[in-house]
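Working through the structure, step by step
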Amino acid sequence: MSIEALPAEVAELAPATRRPGMARMLVRNPSVVIGATIVAFLALMGLLAPMLGTISPSEINPVFRNKKPGAERTIRADDGKEMQFVHRFGTDSLGRDVYSRVVYGARVSLIIGVTVAAISVAVGLAIGLVAGYIRWLDGIVMRFMDGLMAIPAILLAMGVVSLSRAGVVAVVIAIVIPEIPRVVRLVRSIVLSIREEPYVEAAITVGTPTPTLLVRHVLPNTLAPLIVQGTFICGSAILIEAVLSFLGIGIPPETPTWGNIMAEGRSLFRIFPHNIFYPGVFLAFAVLAINMLGDGLRDTLDPRFAKRV
Amino acid sequence: MAEAAPVLAIEGLTVALPKGSDRPHAIEDIGFSVGAGEIVCVVGESGSGKSVTAQTVMGLLPRELSATAGAVRLEGENVLKATSARLRDLRGTRMAMIFQEPMTALNPVMTVGEQIAEVLEIHTELSEADRRQRVLQIMRAVHLPEPERLIDVYPHQISGGQRQRIMIAAALVLDPALLIADEPTTALDVTTQAQILRLIRELQGRRGTGVLFITHDFGVVAEIAHRVVVMQSGRIVETGARDDVLRRPQSDYTRMLIASVPSLKPPPRAPRTGPVALATERLSKTYGTRGLLFRGRVVKAAEGVDIVVRRGETVGIVGESGSGKTTVARCVARLVVPTSGVIRIGDVDVARLPESRLREHRRHVQIVFQDPYRSLNPRRTVGASIVEGPMNFGLAEADAKNRARRLMALVGLAPDALDRYPHQFSGGQRQRIAIARALAMEPQLLIADEPVSALDVSVQAQVLKLLDDVRQRFDLAVLFITHDLRVAAQVCDRIAVMQRGIVVEQGTAAEVFAAPKHEYTRALFEAAPGRNAQFGVAASAA
């Protein structure tokens, strides 16, 4: 039996085509483009905050309290020079510049959003893979996750903050813990369906060790949905942080975050609405943009949704 | 019959494919007719355009496709020109369709009676009581047992064959002139298939319905057709009366298709006397939920199965769905843990080996799966899939790649194609790659779990030949799982027939096919479509 005697199908191979590139498909999706542009703008804003005509966001000026947007004052710099400074967004009840606080606030919000998304996706992915693949662990892990999911983020935040000091770390922990079970459930459901795929079983029969099998054959299937889930977690984390700060159980009030600025402006809202209006607008745009990005990614990465118009 | 105006006349019909497809037209300039009381079978392999033809007639073409030329006349009326309102009127009353998959074609949240009555509700003025009477009447006509009880059950409560009967009842309740059947028995077991075919023939004979029957199976054609239309790549290559086409095919393509249909008569084979590669003893697998509080439902998927496969021998396990044949295969491959019994691979009983000790034995048993589209990881190159196993057992990457290249050539594919992804290959090519992946492990036993059921008949023949070649070349023991008696007859030295988890009959292929002992085996053979047909070319070629 020679090799030549076997039927040669070689010529029939289809020309080497590639599926349309993922990057090109993403660029064509308007909600991805709009969402990504706004997010990029906000990220740049946070990054370049000192260069955007801001002054120190925590500098208190009792003389210049509660000024409406557009109020001007003279600032004396350290070297003695004087300059006119316009409070574009007005000042708050301690005389701090709302514009500077809003611009700097983008830092905290985005950092918290991204950190929470990254941690909960990473932890959830690991737990989900294990729970989905190792059958006897599934029941135990998932009941524990159900328990975690039942804890409201705000309540947990109060607990964490009262145990330690209020701060970014406490807030991140408080938001991450209830998010993890959602990621675990998502990953587990994907693993449960993928583990039945013949190519996974084929890998078992060629003796692929379980950790390799999970990373090589199962994990790649979870990435697209996880990226999407990550953006939604990011958006909701920013929102929850704002709520926590607004309620006074999040980041300490001297740190500028959008939630803190709004909390500070709450008591004088009727007379000086700008204290709540400007951070509110930025918060709304940030969450909207991140969610648009997530929607667009889902449509592009997950064709099952894309087909439903 | 031939003189009367045909129920359906298709003239010069062309349906364009969207730009960027591999060919410009899904179907091109086709024409044939279906007379009253006539069954016309449209036969072809996948991609031949047979289903598009049916969809065009029903006005159900997907939005990307459109008929660009020709006419489809249903009792003289061109349905291509019909408004959507008119089409709705025609569907159900003048033409009706039954589909391949009776589970998804029925709405799971409506009782079957309601679904048949829906047709009446839309197209007639009958009162509710009258409708129920008509539904019961048609359910009796399709020989459903206890229509009074079945009328109020949901689709999941009845069997696949009964569901297909419900579909047929709903299609025929208004006595349409034309019934389109798109592979209506492909998803059914062979015994059920035989009953459904008989039912369709009986009903259309009694009611004078014209039937456009779409199938890929020449056995079914031989069983049911009056006339045959053979399609290839969107064109008609041959039309004619059934016996003419089956016995004296004119075109090369038809000849090739018919020659590819395996014969039900096993060729003579010498008994194999090689060493025993696999022996199972009283192998049993019970699925069931052992609840904490309740005793769960227990399913005995396999019970007391004794099978022996020698080196160089192909042993077939034949049975219908739910017979336990795949369970046995999965136990032997240790993808599931058997409940009891012995699986001897060489000298070792692997039935209860823990995963850590099992690994060394896995390489001796490899499996080729049914669905070539799902058995290769779509994100990895086929080369990566083939070298994965050998590298797990310590072969250096360069050596593994060399082996993969040799195997690609061996299974008839270009070694350079190793860098490609599975989606760039056809189903048959993927199955070759799956075989190469299995061979890369240098196994003693190859389990082939319905390896050709998802393939077209011409490709099927090539893959079967390849499997036989590698069996000889490597002196492999092959455990061949199939529901297809024709395939089993051709490739198996010995055959075990399974029913409800039990091997009811076992023997050499020649014995079992010549003189089946068990009544279930006899029933299976009785039901094999086209068993009495003469496939002219096949007989002379074999």
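Residues numbered from 1 in each chain as written. Chains lettered and ligands numbered in written order. Predicted model: local features only at pLDDT ≥ 70, side-chain atom pairs only at ≥ 80, totals over all residues.

**Description of the overall build of chain A**
- Looking only at helices and strands, chain A features 11 helices and 2 strands.
- Going from N to C terminus, chain A has its helices and strands arranged as α-α-β-β-α-α-α-α-α-α-α-α-α.
- Out of the 309 residues in chain A, the part that is buried amounts to 41%.
- Here the contacts in chain A between residues at least 6 apart in sequence split such that 71% fall between residues at least 24 apart. (Helix = DSSP H or I, 4+ residues; strand = E, 2+ residues; numbered from the N terminus. Buried ≥ 20, exposed ≤ 12 C-beta atoms within 10 Å, placed from the backbone. Contact = placed C-beta atoms within 7 Å.)

**Looking at the sheet that holds strand 4 (residues 66–74) of chain B**
All names here are of chain B.
- One open sheet holds the 4 strands; their spatial order is 2-1-4-5, and the pairing between them is antiparallel. Looking at strand neighbours, the two that pair on one side only are strand 2 (25–34) and strand 5 (77–78), the edges of this open sheet.
- One ladder, built from 6 bridges, connects strand 1 (residues 8–16) with strand 2; its direction is antiparallel. Across the sheet, the residue bridging to leucine 13 is isoleucine 30, located in strand 2. (Pairing = 2+ DSSP bridges.)

**Focus: the packing of helix 14 (residues 382–392) of chain B against helix 16 (residues 427–440) of chain B**
Residue and element names in this part refer to chain B.
- The interhelical angle for the contact between helix 14 and helix 16, taken along N-to-C directions, is 20 degrees, at an axis separation of 8 Å. Judged by the inter-axis angle, helix 14 sits roughly parallel to helix 16. For helix 14 against helix 16, the interelement crossing comes out right-handed. Residue-level contacts link Val382, Ser385, Ile386, Gly389 and Pro390 of helix 14 to Ile433, Ala436, Arg437 and Ala440 of helix 16.
- Across the contact of helix 14 with helix 16, the residue classes break down as 6 nonpolar, 2 polar and 1 charged. (Axes fitted to C-alpha atoms, helices over the stretch in contact; angles between N-to-C directions. Parallel < 35°, antiparallel > 145°, perpendicular 65-115°, else oblique. Left-handed = near helix turned anticlockwise from the far one by under 90°. Nonpolar A, V, L, I, M, F, W, Y, C, P; charged D, E, K, R; others polar.)

**Observations concerning the nonpolar core**
- Counting 234 residues, the largest nonpolar core has B:Leu212 and B:Leu479 as its most contacted members.
- Those residues within four positions of B:Leu212 in sequence are excluded, and the remaining contacts are B:Leu8, B:Val34, B:Val40, B:Val42, B:Ala54, B:Val57, B:Leu178 and B:Ile180. (Core = buried A, V, L, I, M, F, W, Y, C linked by C-beta atoms within 7 Å.)

**Overview of the interface of chain B and chain A**
- In this assembly, 35 residues from chain B lie in contact with 24 residues from chain A.
- At the level of secondary structure, the elements contributing two or more residues to the side of chain B that touches chain A comprise helix 13 (355–362), strand 16 (365–368), helix 14, helix 15 (397–410), helix 16 and helix 17 (457–474) of chain B.
- Broken down by element, the residue count for the side of chain B that touches chain A peaks at 5 residues, all from helix 17 of chain B.
- Among the residues forming the side of chain B that touches chain A, the class breakdown is 14 nonpolar, 10 polar and 11 charged.

**A short note on the packing of helix 4 (residues 112–123) of chain B against helix 7 (residues 160–172) of chain B**
Residues and elements named next belong to chain B.
- The N-to-C vectors of helix 4 and helix 7 enclose an angle of 20 degrees; their axes lie 8 Å apart at closest approach. When the axis of helix 4 is compared with that of helix 7, the two are roughly parallel. Pair helix 4 / helix 7 crosses with right-handed handedness. Contacts between helix 4 and helix 7 involve Val112, Gln115, Ile116 and Val119 from the former and Ile166, Ala169 and Ala170 from the latter.
- Looking at the contact of helix 4 with helix 7, its residues break down into 6 nonpolar, 1 polar and no charged.

**A few points about helix 14 of chain B**
- In terms of burial, helix 14 of chain B is a largely internal element, 9 of the 11 residues being buried.
- Positive backbone phi, approximately 90 degrees, marks B:Gly394, located one or two places after helix 14 of chain B.

**Let's talk about the environment of B:Leu455**
Residue and element names in this part refer to chain B.
- With respect to the helices and strands, the residue leucine 455 is situated in the loop between strand 17 (445–449) and helix 17.
- Judged by C-beta crowding, with 22 C-beta atoms within 10 Å, leucine 455 ranks as buried.
- Apart from the residues within four sequence positions on either side, leucine 455 is in contact with Gly427, Gly428, Gln431, Gln460 and Val463.

**Thoughts on unusual backbone geometry**
Residue and element names in this part refer to chain B.
- Positive phi, normally seen in glycine, also occurs at glutamate 75, with a value near 50 degrees.
- The class for glutamate 75 is partly exposed, based on 17 C-beta atoms found within 10 Å.
- The phi dihedral of arginine 282 falls on the positive side, at around 50 degrees, and the residue is not glycine.
- Along the polypeptide, arginine 282 turns up in strand 11 (residues 276–290).
- For arginine 282, a count of 12 C-beta atoms within 10 Å gives the class exposed.

**Description of the sheet that holds strand 3 (residues 39–43) of chain B**
All names here are of chain B.
- Taken in spatial order, the 6 strands line up as 6-7-8-3-9-10 in an open sheet, and their pairing is mixed. Among the strands making up the open sheet, the edge pair consists of strand 6 (95–98) and strand 10 (235–241). Going from strand to strand, the sheet's axes swing by 15 degrees on average, the running direction of each strand aside.
- Sheet topology places strand 7 (residues 178–182) next to strand 8 (residues 210–215); 5 bridges connect them, and they run parallel. Residue pairing in the sheet places isoleucine 180 in a bridge with leucine 212 of strand 8.

**Remarks on the confidence of the model for chain A**
All names here are of chain A.
- Taken as a whole, chain A shows an average pLDDT of 81; of its residues, 90% reach a score of 70 or greater.
- Contacts from residues 1–11, a stretch scored under 50 in pLDDT, to residues over four places away or in other chains number 17 contacts.
- Low confidence marks residues 305–309, where pLDDT is under 50. Its contacts with residues over four positions away, or in another chain, come to 4 contacts. (pLDDT = per-residue confidence, 0-100.)

**A closer look at the pairing of strand 8 of chain B**
All names here are of chain B.
- Extensive coverage of strand 8 is indicated by the burial of 6 of its 6 residues.
- Neither face of strand 8 is exposed, since Gly210, Leu212 and Ile214 on one face and Val211, Phe213 and Thr215 on the opposite face are all buried.
- In the sheet, strand 3 pairs with strand 8 via 5 bridges, with the strands oriented parallel. Across the sheet, valine 40 pairs through a bridge with leucine 212, a residue of strand 8.
- One crossover worth recording links strand 7 to the parallel strand 8 by way of helix 8 (residues 190–207), and it is right-handed. (Right-handed = clockwise from strand over helix to strand, strands pointing away.)

**Side note on the confidence of the model for chain B**
All names here are of chain B.
- On average, residues of chain B carry a pLDDT of 87, and 96% of them reach 70 or more.
- Contacts of residues 537–542 to residues separated by more than four positions or lying in other chains number 11 contacts, the stretch itself having pLDDT below 50.
- The ipTM assigned to the predicted complex is 0.80, against a pTM of 0.81.

**Quick look at the pairing of strand 13 (residues 314–318) of chain B**
All names here are of chain B.
- Most of strand 13 sits out of view: 5 of its 5 residues are buried.
- Burial along strand 13 is two-sided: Thr314, Gly316 and Val318 and Val315 and Ile317, pointing in opposite directions, are all buried.
- As judged from the 5 bridges shared by strand 13 and strand 18 (residues 477–482), these two strands associate in the parallel manner. Note that in strand 18 the partner of isoleucine 317 across the bridge is isoleucine 481.
- The pairing of strand 13 with strand 19 (residues 494–499) spans 4 bridges and is parallel. Within strand 19, the position partnered with valine 315 by the bridge is arginine 494.

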